[in-house]
Every structure is written in C-alpha cells, then in structure tokens.
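Below, each chain spelled out in residue letters.
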Amino acid sequence: MTDGLRIKDLSVTFQLRDRDVRAVDGVSVHFPAGQITGIIGESGCGKSVLGMAVLGLLPPYAKAAGSITLDGSPLLGTRRALGVKLGLIPQNPAESLNPARTVQAHLSEALRPLSLSRREAKAWSAQLLRDFGFPDPARVLKAYPHELSGGMQQRVLCAVGSACTPAWLLADEPTKGLDSALRDQVLDTLGSMRGRGVASMLVITHDLTLARSLCQSLAVMYAGQVLEMGQGVLEHPLHPYTAAFLNALPEHGFQPIQGIAPRAGQRLPGCPFAPRCPHCRERCTRERPGACQPESQHMVRCFLYE
Ligand SMILES: Nc1ncnc2c1ncn2[C@@H]1O[C@H](COP(=O)(O)OP(=O)(O)OP(=O)(O)O)[C@@H](O)[C@H]1O
Ligand code: SF4
Ligand SMILES: [Mg+2]
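Rules behind the numbers
- Residues numbered from 1 in each chain as written.
- Chains lettered and ligands numbered in written order.
- Predicted model: local features only at pLDDT ≥ 70, side-chain atom pairs only at ≥ 80, totals over all residues.
- Heavy atoms only, no water.
- Near = heavy atom within 4 Å.
- 1 Å grid on protein atoms, 1.4 Å probe; cavity = no way out; pocket = protein on both sides within 12 Å on 5 of 7 lines; lining within 4 Å.
- Sits in = over half its atoms within 2 Å of the grid points.
- Nonpolar A, V, L, I, M, F, W, Y, C, P; charged D, E, K, R; others polar.
- Pairing = 2+ DSSP bridges.
- Helix = DSSP H or I, 4+ residues; strand = E, 2+ residues; numbered from the N terminus.
- Axes fitted to C-alpha atoms, helices over the stretch in contact; angles between N-to-C directions.
- Contact = heavy atoms within 4.5 Å.

A.B. asks: Explanation requested: the site of ligand 2 in the structure shown.
C.D. replies: Lining the immediate environment of ligand 2, one finds His-239, Pro-240, Cys-271, Ala-274, Cys-277, His-279, Cys-280, Cys-284, Pro-289, Cys-302, Phe-303 and Leu-304. The pocket occupied by ligand 2, as judged from atoms lying within 2 Å of grid points, is the largest cavity. Each residue belonging to the shell around ligand 2 can be placed in one class, and the counts come to 10 nonpolar, two polar and no charged.

So, in structure tokens, the structure goes:
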C-alpha cells in the first residue's frame with residue numbers, strides 16, 4: 001500500500017520552564033508517495049519541528065498530538081521507521097557528523113537495521129559513497145569529518161540518510177551555507193536519489209530556486225500551520241501570505257510584508273495571517289479557515305476561496 005504520508009491535526013508544543021511554545025499548530029496534510037515535496041516558510045514557522053515529528057525525533061519535553069501515518073501505519077511517537085522507511089539528511093552537516101568517528105563508523109551505524117556482516121557493510125558503504133560521487137571510497141571511509149570539505153560532508157550525510165534505501169527521505173535545508181558549485185552538486189545528488197530507490201522526499205528549504213527545480217509540489221508554512229500546498233504554488237500563489245512572502249524576495253522588488261511576524265509559538269483564534277493580511281475580514285480574526293481546493297492539486301486555507 002502506498003498511501004503516502006498523512007498528517008492529521010498534528011500539534012507539537014514545547015513545554016518550557018516558563019511557558020509553552022506551540023511550534024506546529026493543527027497541521028493536516030497529505031504528502032503523496034512518489035513525489036518530491038518542498039516545505040517553505042520563514043525562519044521559525046515550524047518546518048524542522050514538523051519534520052522531526054514525522055521522524056520520531058522530537059525531544060522528550062515536546063508534547064505531540066494528532067496522527068501521522070505512513071502507508072496506513074501509525075508513526076507519531078515512534079522511531080520504528082527511522083533509517084528503514086524514512087531517512088534524514090539533517091540541517092547542519094558539520095554538527096550532524098561526530099568528529100571522533102570515521103565515515104565508515106557513521107555508515108556502519110546507519111546500516112545496522114540491515115544486520116549485515118562486517119564485510120557486507122564495508123562493501124555496501126563503499127558502493128554508497130561511489131553512488132554519491134566519491135571515486136575513491138576506500139580513502140573516504142577512513143576519513144574523519146574534519147578531513148572532508150563541506151560539500152563532501154553533505155554527500156556523506158546523503159549516503160548515511162539513504163543507507164538502508166528508505167522509501168522516504170527528509171532533507172532539512174540541504175543547500176544552506178553552500179556556495180553555488182556545491183549547491184548544484186547537492187541538487188544533482190538529491191535528484192539522483194530517486195534513481196537509487198528513494199521514491200519520495202520532503203525537502204525543507206529557503207532556497208526557492210532549488211524548490212522550483214527539484215520539487216513537484218510545495219507546502220507553505222506560517223506560524224506552525226500549512227496554509228497552502230500543491231503544484232504551481234510559486235508560479236500562481238493563492239494564499240495572501242504566500243503572495244506577500246514571494247513579493248518580499250529580492251527578485252520581486254523586496255516589498256516587505258506589512259505588520260509584525262508572529263511571536264514564537266503565538267496562537268491566534270482565527271487565521272494566523274489575519275493581523276497582516278490586506279484582505280482580512282472580521283470572520284478571519286475569530287474562525288480558522290478550513291482547507292479549500294479551488295484548483296486541482298492545489299490546497300489553500302483562506303476564506304477568500306470558500
Ligand atoms: N528543541 C526546541 N525547544 C524549544 N523550542 C523549539 C525547539 N525547536 C524548535 N523550537 C521552536 O519551535 C518553533 C519552530 O522552530 P523550527 O525549528 O521548526 O523552525 P524552522 O521553520 O525550521 O526555522 P528555520 O528556517 O530557521 O530552520 C520556533 O519558535 C522555535 O524556537
Ligand atoms: S483567511 Fe482572511 S486573514 Fe487569512 S489570509 Fe484569508 S483573507 Fe487573509
Ligand atoms: Mg529548520
């Protein structure tokens with residue numbers, strides 16, 4: 001069964017000493033299998049927390065409610081699928097690799113669910129590195145992270161994340177901080193993952209050029225919610241927030257979004273964009289808009305489309 005990844009009414013709250021921070025707020029979304037879906041939105045809108053909830057990697061002081069299923073099997077609160085069905089390319093290569101462990105040690109650990117012999121694990125690790133553009137895997141397997149360039153570290157993480165050929169891969173800001181040559185290399189690598197059996201991907205990114213060239217569909221997050229999702233989001237945004245977000249980019253004339261961005265974890269009873277929306281009506285401040293589908297393959301949460 002390849003129903004894909006279904007998230008229903010997911011909320012994640014961090015219970016801090018002095019207050020609760022609601023980082024994901026009632027997200028319901030379906031990521032179909034066989035697609036690369038991008039997740040975009042400003043810093044702090046909840047992209048990584050949503051990803052960590054899917055992977056079962058939330059810290060113990062995070063309280064999650066709702067449901068997440070992968071091909072019909074419940075995922076929320078478990079790490080059962082991690083590495084086997086779901087792989088992760090984490091946000092920061094330098095921080096995600098253990099400086100005291102070799103590349104081989106990282107790959108052997110990632111391959112543990114496959115219960116391979118040492119010899120098999122070594123051969124498979126070398127093959128993975130070859131797949132990710134290392135012509136000399138024997139040397140790289142013995143290397144420590146500090147002996148590798150940023151682009152090489154990123155490719156090692158791609159190999160680690162896809163070691164068990166998971167059907168799904170989450171890549172969190174895979175091109176952040178990379179120069180344009182490395183960025184292109186990572187883009188090629190991600191594109192080639194699909195040829196290696198990783199059929200579906202979620203790619204969290206600020207890089208809209210990457211989103212445009214790699215993703216078939218995009219989800220737009222704001223204040224812990226997914227406000228718009230589908231195909232053609234960048235070419236034909238429906239939600240007033242998406243339109244404002246795109247207009248604020250340098251290539252569209254740097255028009256700042258009016259009003260103030262929501263505080264971390266701030267919850268409003270109505271539409272989260274209401275205080276900044278030029279189309280806001282009274283109803284928007286007290287009621288949350290449900291999902292509308294004004295176009296095929298394109299969902300938006302805004303009363304303008306009811
Ligand atoms: N471990 C944590 N403990 C407490 N609060 C957290 C934790 N992780 C994230 N948050 C809070 O949850 C909210 C969403 O954070 P998240 O990391 O998902 O943002 P993001 O959209 O990935 O941003 P960025 O683009 O900067 O990576 C933020 O307000 C953040 O401060
Ligand atoms: S629901 Fe209302 S406030 Fe929210 S984006 Fe639509 S028009 Fe604006
Ligand atoms: Mg993040």
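A.B. asks: What exactly am I supposed to notice about the sheet that holds strand β10 (residues 225–230) here?
C.D. replies: Pairing between the strands of a sheet comes from backbone hydrogen bonds, and it takes one of two forms, parallel or antiparallel. Taken together, the eight strands give an open sheet; going across it, the order is β6-β7-β8-β3-β9-β10-β12-β11, and neighbouring strands pair in mixed fashion. Each having just a single partner strand, β6 (86–89) and β11 (292–295) make up the two edges of the open sheet. Direction aside, the axes of adjacent strands within the sheet are offset by 25° on average. Pairing of strand β9 (residues 217–222) with β10 involves five bridges; the strand directions are antiparallel. Directly across from Leu-218, in β10, lies its bridge partner Gly-230. Against the sheet, helix α9 (residues 240–247) contacts β3 (36–40), β9 and β10, and its axis sits at roughly 95° relative to β9.

A.B. asks: Sorry, what's going on with the sheet that holds strand β2 (residues 20–31) here?
C.D. replies: Across the sheet, which stays open at both edges, the four strands sit in the order β2-β1-β4-β5 with antiparallel pairing between neighbours. The two strands at the open ends of the sheet, each matched to only one other strand, are β2 and β5 (73–74). Bridge analysis of strand β1 (residues 5–15) against strand β4 (residues 62–70) gives eight bridges, and the strand direction is antiparallel. The residue of β4 that forms the bridge with Val-12 is Ala-64. Seen against the sheet, helix α1 (residues 47–55) touches β1, β2 and β4 and runs at an angle of roughly 110° to β1.

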